[in-house]
Amino acid sequence: MRVKKISEANLPTPWGNFLIVGFKEKNSQKNHVALIYGNINKDVPILSRIHSECLTGDAFFSLRCDCGFQLKKALELISLESQGILIYHRQEGRNIGLLNKIKAYSLQDSGLDTVEANQKLGFSADERDFSICIDIFHILKIKKIKLLTNNPLKIKIFKDSGIDVIERVSIIVKKNSNNFNYLTTKEKKMGHYLK
């Protein structure tokens, strides 16, 4: 296991009361959290979302992406399901980091798309490592999930890890004039299901 569980506490939210569970990576000491809603019945597939950190979208309500809107929608859907898990995956900017993400934004302002901007900075289109999330599911003893995602790569990674993805649950939010190109690039170049 690359992570260890550190602590847990109650977390009241507008969508209901969650349990927040903190994890620490053993090598990097980076922190991640899981928000757990309801009494998890491990015999049924658990509605689950892997939400990668996006300070600009999640905290500052940026319209450049769909991240903050997806975070809110995921918490809402989990509460409506009466049980579920959201892992807040602390790999900002598809794991290029906040400052590099701002550099990528600047390149996008000059006309590059999100994939081209990352590549111009010397990164791949997506640098995230989902093995941390797999370990968190194992620690929580979750083996079957309904995955809230539009990203086919996540489905493949989790299926290959031995976690049974019973169903993909779409998480589509509205396009706007600021994120239209970003979402179009995710669909055309990264294969995201956005129809």
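Residues numbered from 1 in each chain as written. Predicted model: local features only at pLDDT ≥ 70, side-chain atom pairs only at ≥ 80, totals over all residues. Heavy atoms only, no water.

Turning to the sheet that holds strand β1 (residues 3–13), a few remarks are in order. One open sheet accounts for 7 strands, arranged β1-β2-β3-β5-β4-β6-β7; its pairing is mixed. Since the sheet does not close on itself, it has two edges, and those belong to β1 and β7 (164–169), each with one partner. When the angles between neighbouring strand axes are averaged without regard to direction, this sheet yields 25°. Where strand β4 (residues 46–52) lies against strand β5 (residues 84–89), 5 bridges are found, and the strand directions are parallel. The residue of β5 that forms the bridge with H51 is Y88. On top of the sheet, helix α2 (residues 67–81) reaches β2 (16–25), β3 (31–37), β4, β5 and β6 (144–148); it is set at about 165° to β4, its chief contact. Together, β4, β6 and β7 form the strand contacts of helix α7 (residues 152–160), whose direction differs from that of β7 by roughly 165°. (Pairing = 2+ DSSP bridges. Helix = DSSP H or I, 4+ residues; strand = E, 2+ residues; numbered from the N terminus. Axes fitted to C-alpha atoms, helices over the stretch in contact; angles between N-to-C directions. Contact = heavy atoms within 4.5 Å.)

To continue, consider α2. With 15 residues, α2 ought to run about 21 Å at 1.5 Å a step, and its terminal C-alpha atoms sit 21 Å apart, in line with that. If you check which residues of α2 are buried, you get C67, G68, Q70, L71, A74, L75, I78 and S79. Looking straight down α2, one finds that the buried residues subtend no more than 165° of arc, so they occupy a single side. (Expected span 1.5 Å × (residues − 1). Buried < 20%, exposed > 50% of the residue type's maximum accessible area, 1.4 Å probe, protein only. Arc of directions from axis to C-beta.)

Our next topic: the nonpolar core. Counting 23 residues, the largest nonpolar core has I50, I85, I87, I136, F137, L140 and F158 as its most contacted members. Mapped onto this core, the elements with two or more residues apiece are β2, β3, β4, β5, α6 (131–139), β6 and α7. The leading source of residues in this core is α6, at 5 residues. With residues up to four places along the chain from it excluded, the contact list for I87 reads V33, A34, R49, I50, H51, C133, I136 and F137. Membership of the second largest hydrophobic core comes to 12 residues, among which are L71, I78, Y88 and I171. (Core = buried A, V, L, I, M, F, W, Y, C linked by side-chain atoms within 4.5 Å.)

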